[in-house]
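Chain and residue survey
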Number of protein chains: 2
Amino acid sequence: MATYAVNVSPAAPSSVGNEDLVGRRVLVVDDDPTVAEVASSYLRASGFVIDEARDGFAALQLAERIDPDLVVLDRMLPGIDGIEVCRRLRHRSSVPVILLTALGSEDDRIAGLEAGADDYLAKPFSPRELVLRVQSVLRRSIDEFTPQSVLEFGGFRLDPSARVATRAGAEIALTSREFDLFEFLAKHPNQVFSREDLLRTVWGWTYGDLSTVTVHVRRLREKIELDPRSPALLTTVWGVGYRFTTGGAPDAMV
Amino acid sequence: MATYAVNVSPAAPSSVGNEDLVGRRVLVVDDDPTVAEVASSYLRASGFVIDEARDGFAALQLAERIDPDLVVLDRMLPGIDGIEVCRRLRHRSSVPVILLTALGSEDDRIAGLEAGADDYLAKPFSPRELVLRVQSVLRRSIDEFTPQSVLEFGGFRLDPSARVATRAGAEIALTSREFDLFEFLAKHPNQVFSREDLLRTVWGWTYGDLSTVTVHVRRLREKIELDPRSPALLTTVWGVGYRFTTGGAPDAMV
DNA sequence: GACATCCGTTCGCGTTCCGTAAGGCTCGTG
DNA sequence: CACGAGCCTTACGGAACGCGAACGGATGTC
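Residues numbered from 1 in each chain as written. Chains lettered and ligands numbered in written order. Predicted model: local features only at pLDDT ≥ 70, side-chain atom pairs only at ≥ 80, totals over all residues. Heavy atoms only, no water.

Observations regarding the protein's contact with DNA strand C
- Around DNA strand C, the surrounding shell holds 26 residues, and the nearest of these are Thr175, Thr212 and Arg219 of chain A together with Arg177 and Arg219 of chain B.
- For DNA strand C, the fraction of atoms within 4 Å of the protein that belong to sugar or phosphate moieties is 68%.
- Arginine 177 of chain A has a polar backbone atom sitting 2.9 Å from a phosphate oxygen of DNA strand C.
- Interatomic distance of 3.3 Å between a side-chain N/O atom of tryptophan 203 of chain B and a phosphate oxygen of DNA strand C.
- For the surface near DNA strand C, the secondary structure elements donating two or more residues are helix 6 (176–187) and helix 8 (211–224) of chain A together with helix 6 (176–187) and helix 8 (211–224) of chain B.
- Its residues assigned to classes, the surface near DNA strand C comprises ten nonpolar, ten polar and six charged. (Near = heavy atom within 4 Å. Polar contact = N/O pair within 3.5 Å; in protein donor to acceptor, adjacent residues only side chain to side chain. Helix = DSSP H or I, 4+ residues; strand = E, 2+ residues; numbered from the N terminus. Nonpolar A, V, L, I, M, F, W, Y, C, P; charged D, E, K, R; others polar.)

A few points about the packing of helix 2 (residues 56–66) of chain A against helix 3 (residues 82–92) of chain A
Residues and elements named next belong to chain A.
- For the pair helix 2 and helix 3, the least separation of the axes is 10 Å and the interaxial angle reads 20°. When the axes of helix 2 and helix 3 are compared, the pair comes out roughly parallel. Relative to helix 3, helix 2 is oriented so that their crossing is right-handed. Between helix 2 and helix 3, the residues in contact are Gly56, Leu60, Ala63 and Glu64 and Val85, Arg88, Leu89 and Arg92, respectively.
- Broken down by class, the residue content of the contact of helix 2 with helix 3 amounts to four nonpolar, one polar and three charged. (Axes fitted to C-alpha atoms, helices over the stretch in contact; angles between N-to-C directions. Parallel < 35°, antiparallel > 145°, perpendicular 65-115°, else oblique. Left-handed = near helix turned anticlockwise from the far one by under 90°. Contact = heavy atoms within 4.5 Å.)

Re the sheet that holds strand 5 (residues 97–101) of chain B
All names here are of chain B.
- The sheet built from five strands is open, its strands ordered 3-2-4-5-6 with parallel pairing. The open sheet has two free edges, formed respectively by strand 3 (49–53) and strand 6 (119–122), since each of these has just one partner strand. Averaged over all adjacent pairs, the angle separating strand axes in this sheet is 20°, with direction ignored.
- Judged from the four bridges that link them, strand 2 (residues 25–29) and strand 4 (residues 70–74) form a sheet pairing that is parallel. The residue of strand 4 that forms the bridge with valine 26 is leucine 70.
- Set on the sheet, helix 3 (residues 82–92) makes contact with strand 4 and strand 5; between it and strand 4 the angle comes to about 160°. (Pairing = 2+ DSSP bridges.)

Examining helix 3 of chain B
All names here are of chain B.
- What helix 3 keeps buried is the set Gly82, Ile83, Val85, Cys86, Leu89 and Arg90. Buried residues in helix 3, looked at end-on, bunch into an arc of 160°, giving them a common side. Exposed and facing more than 90 degrees away from the buried side of helix 3 are His91 and Arg92. (Buried < 20%, exposed > 50% of the residue type's maximum accessible area, 1.4 Å probe, protein only. Arc of directions from axis to C-beta.)

Details of the protein's contact with DNA strand D
- The immediate surroundings of DNA strand D are formed by 22 residues, with Thr236 and Tyr242 of chain A together with Thr236, Gly239 and Tyr242 of chain B found nearest.
- Atoms of DNA strand D within 4 Å of the protein: sugar and phosphate make up 76%, bases the balance.
- Sorting the residues of the surface near DNA strand D by element identifies helix 8 of chain A together with helix 8 of chain B as the ones contributing at least two each.
- It is helix 8 of chain B that provides the largest number of residues to the surface near DNA strand D, a total of five residues.
- Classifying every residue of the surface near DNA strand D by side-chain character gives six nonpolar, six polar and ten charged.

Re the packing of aromatic side chains
- Considering all chains together, one arrives at twelve aromatic pairs over all chains under this definition.
- Aromatic pair phenylalanine 182 of chain A and phenylalanine 244 of chain A: ring centres 5.8 Å apart, planes at 75°, arrangement edge-to-face. Note that phenylalanine 182 of chain A is positioned in helix 6 and phenylalanine 244 of chain A in strand 13 (residues 241–244), a separation of 62 residues in sequence. Just as phenylalanine 182 of chain A is buried, phenylalanine 244 of chain A falls in that class too.
- Judged by centre distance (6.2 Å) and plane angle (90°), the ring pair of phenylalanine 153 of chain B and phenylalanine 182 of chain B falls under edge-to-face. Taken together, the positions of phenylalanine 153 of chain B in strand 7 (residues 151–153) and phenylalanine 182 of chain B in helix 6 put the pair 29 residues apart, joining distant regions of the chain.
- Looking at phenylalanine 182 of chain B, the relative accessible area reads 0%, which means it is buried.
- Of the aromatic side chains, those joined through ring pairs into one cluster are Phe153, Phe156, Phe182 and Phe244 of chain A. (Phe/Tyr/Trp six-rings, centres within 6.5 Å; stacked < 30°, edge-to-face > 60°.)

Put into structure tokens, the structure is as follows:
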């Protein structure tokens, strides 16, 4: 089944799979042992490596030592306040922070965002949602700092940073949209996407004319398919959407 | 005529529109017929397909059979306690659970969190709010780009995300409905489903012509059975329905 | 300012798929 | 063995869908 974790920015097509998240270090900061325990065990079950701190001071010290990939931070803490901890964390690193607020009050949210929190969760929260948010935020931050890798498959080569596509060394002249579409499909091969899916992820629209997708698929086919009349790579799945196959026959040469 | 993808709730930062939720299966578990009835009718009005159970045991059994997308679970149940039901549900699937608690007591909340509930609602609840919570939780649990697990059995291979079915490596050309039917049956082997069951789960209808199922079963048989005249995998259980056997003879040769 | 490029939209056509209806067959029961 | 209900098979019409071609507007370039 599918999903979405709250993404504020219009659906970024992430290439980071859940398996890339396994082993990441998460620091859980809460003075309530029960809450911390529940959160930790769920996160651990999802493959994260967990450290815990009971107050702000310990949190800062620990963060310094272990350099976590993400921090789950309670807003209300004995000693240094959660907001302040967040600010100080941010002062010397760009570690993502998820803030746990007492209630979804507007003030808390604003304060949290100002302090540099990446996301927040109102208490009482569901541990499963916490896991989803952690994964989502981590995915985003990994995306951001991972240099875009070049995609190679079946004679094609896609360079996202240069925005150049070649087949057997020869450049394929793609327009901007065509490249975006191609890139997304190439990053998620052997998966069917509906026109709505593509409109949301590639175009970043939540509504719109679906035939836009149809036409662009057609144009893309014209440039990458050997025989655009009977597509071999970018195939239509009737009543569902489109699927990109990198090369059922391994390395379908040109 | 243009076809539009419309997101009904622009307020929510999620990219999953409400239309994606229509037809999802919700299991409502409550021993009080009045409560169950109210909840069911409201959810049904919002486009969900509803099944009901009166106690924990029936709930677990039904969940096994129909594989719901979400469970609305009363905390107080005759026989097995709601919390325990939740825990057992979680034991073998990741189906989201919304717990109905007698009152927002702290103990209930903690116990629920530990058992893995996704959200709560204190009784008496507003049916309107229930619908909203169900939609919200479902939206969260839908992760679009995480490929689903591939099913393999007796020479067959079913890839739900690619929507490709193969036997011994050779692709079987299935239509959309045929694939859905095949997928559902393959996910619940050795179980008998009535035509009503299939119409509800695969088609997402609560009423309709049962012969629709009959015909599709026949069409599916034509494509997956070695001898469609005497089916070996998708067999008829007279007066009851259909059963799919992954390979009565272990690894039914090709 | 003229031109080329790209993008989103529109319309008509051919195809595919689905649901339903009708008749024949099969299985279980009395 | 006969009957009836349940199931299978076939055929068909309509609706949904995808495709191709072309148009007009917006944008950027020379």
